[in-house]
Amino acid sequence: MTTTLRPEGPESPTAAGGRTRRWRILTNGHQVGALRTTATPWGSQLWGEISELEITEGLGRGRGTFGALAAEEVLRGWNCTRVDVKIPDTAPTARALAAVLGYTERSLTLSKRLTAAPALPPGVTARPFEEPGLRAWLDRSTADYARSLVRSGLTEEQARSRAVGGQQLPQGAATPGNLVSSLYGPDGGPEPCGSIWVDLHMTDLPGGEPLAWVMVVEVSPAHRGRGHGRTLMLLAERECLAAGVRDLGLNVFADNEVAVRLYDSLGYQVVNRLYGKQL
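Residues numbered from 1 in each chain as written. Predicted model: local features only at pLDDT ≥ 70, side-chain atom pairs only at ≥ 80, totals over all residues. Heavy atoms only, no water.

## Focus on the side chain of threonine 20
Then comes step 1: With respect to the helices and strands, the residue threonine 20 is situated in strand β3 (residues 19–27).
Then comes step 2: At a separation of 3.2 Å, a polar atom in the side chain of threonine 20 contacts the side chain of arginine 36.
Then comes step 3: Of the polar contacts made by the side chain of threonine 20, one reaches the side chain of threonine 38; its length is 2.9 Å.
Then comes step 4: Not counting residues up to four positions away in its chain, the partners in contact with threonine 20 are Glu11, Ser12, Thr14, Arg36, Thr37, Thr38 and Trp78. (Helix = DSSP H or I, 4+ residues; strand = E, 2+ residues; numbered from the N terminus. Polar contact = N/O pair within 3.5 Å; in protein donor to acceptor, adjacent residues only side chain to side chain. Contact = heavy atoms within 4.5 Å.)

## Observations concerning the pairing of β3
Then comes step 1: Two elements, strand β1 (residues 3–7) and β3, share 5 bridges in a ladder whose sense is antiparallel. Bridge pairing links threonine 3 to threonine 27 in β3.
Then comes step 2: Where strand β2 (residues 12–13) lies against β3, 2 bridges are found, and the strand directions are antiparallel. Counted as the bridge partner of serine 12 is threonine 20 from β3.
Then comes step 3: Hairpin connection, β2 to β3: the antiparallel pair is bridged by 5 residues, and glycine 17 has positive phi, about 90°.
Then comes step 4: Judged from the 9 bridges that link them, β3 and strand β4 (residues 30–42) form a sheet pairing that is antiparallel. What sits directly across from threonine 20, in β4, is threonine 38.
Then comes step 5: Once β3 ends, the chain turns through 2 residues before running back antiparallel as β4, passing asparagine 28 with a positive phi of about 55°. (Pairing = 2+ DSSP bridges.)

## A short note on the pairing of strand β11 (residues 210–219)
Then comes step 1: For β11, the tally of buried residues reaches 7 of 10 residues, placing the bulk of the element in the interior.
Then comes step 2: For β11 and strand β12 (residues 247–253), the ladder comprises 2 bridges, and the chain directions are parallel. Each bridged residue has a counterpart across the sheet, and for tryptophan 213 the counterpart in β12 is glycine 249.
Then comes step 3: With helix α5 (residues 228–242) bridging β11 and its parallel neighbour β12, the resulting β-α-β unit is right-handed. (Buried < 20%, exposed > 50% of the residue type's maximum accessible area, 1.4 Å probe, protein only. Right-handed = clockwise from strand over helix to strand, strands pointing away.)

## Some words on unusual backbone geometry
Then comes step 1: Despite not being glycine, asparagine 28 has its phi angle at roughly 55°, a positive value.
Then comes step 2: Here asparagine 79, not a glycine, exhibits a phi torsion of approximately 70°, which is positive.
Then comes step 3: Mapped onto the secondary structure, asparagine 79 falls in the loop between α1 (63–77) and β6 (80–88).

Pasting the structure below:
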């Protein structure tokens, strides 16, 4: 039995300046499935992705494995240094295949449908992030994110290419369509307990509704363990609803068990799991 890939159609450019192509998976010349390979530039590197993998005949015969391995070879030929695959939480068989092929689970994508504005704890207030400290906060958050990327399996160079700071905030905390706020506790102290940045209109759902995205959420070290992370998320939900946005999403690293438990307790559902490996 010989399993190969054959182009299903012409290669296409992507909006991000990369390339993508859909392939037929053939066994002895007969189509048994299909998949897509995509290469996306991040800094000086190309990042690979395998998506739309489906086996239509002969499940359980290793055809998905052969197809994925052939797709990796395509991405190597495109000079990709790493490959990621996003797998729905409802697809345990695909997750098992990724593990067998040496992929490591890096992060979870979560989302929540917002229905009613939650109340904030008594004595807690929120204010726009004070501009003088915004750049330093974003730089620190970017550095923390890069370190988390390395822990998840990326090289330092790859982490630097993926971690970005406040380029999406050209007008600082006042950039339209963004919530950049700090939380102050009931003790009335001058220092914030934590801060949050939410892109209120990051993308559109298939039905055309906006999906807000948590970009950064951080509790100050001296105030951790007091429930302020939960309060920051409640603040984000209130602001989303006030802006007419009813869906809020975020990414969390798979090894961040404390954060995963927090989001689960707030009603966020796992949508996708991201697996990756070096090529």
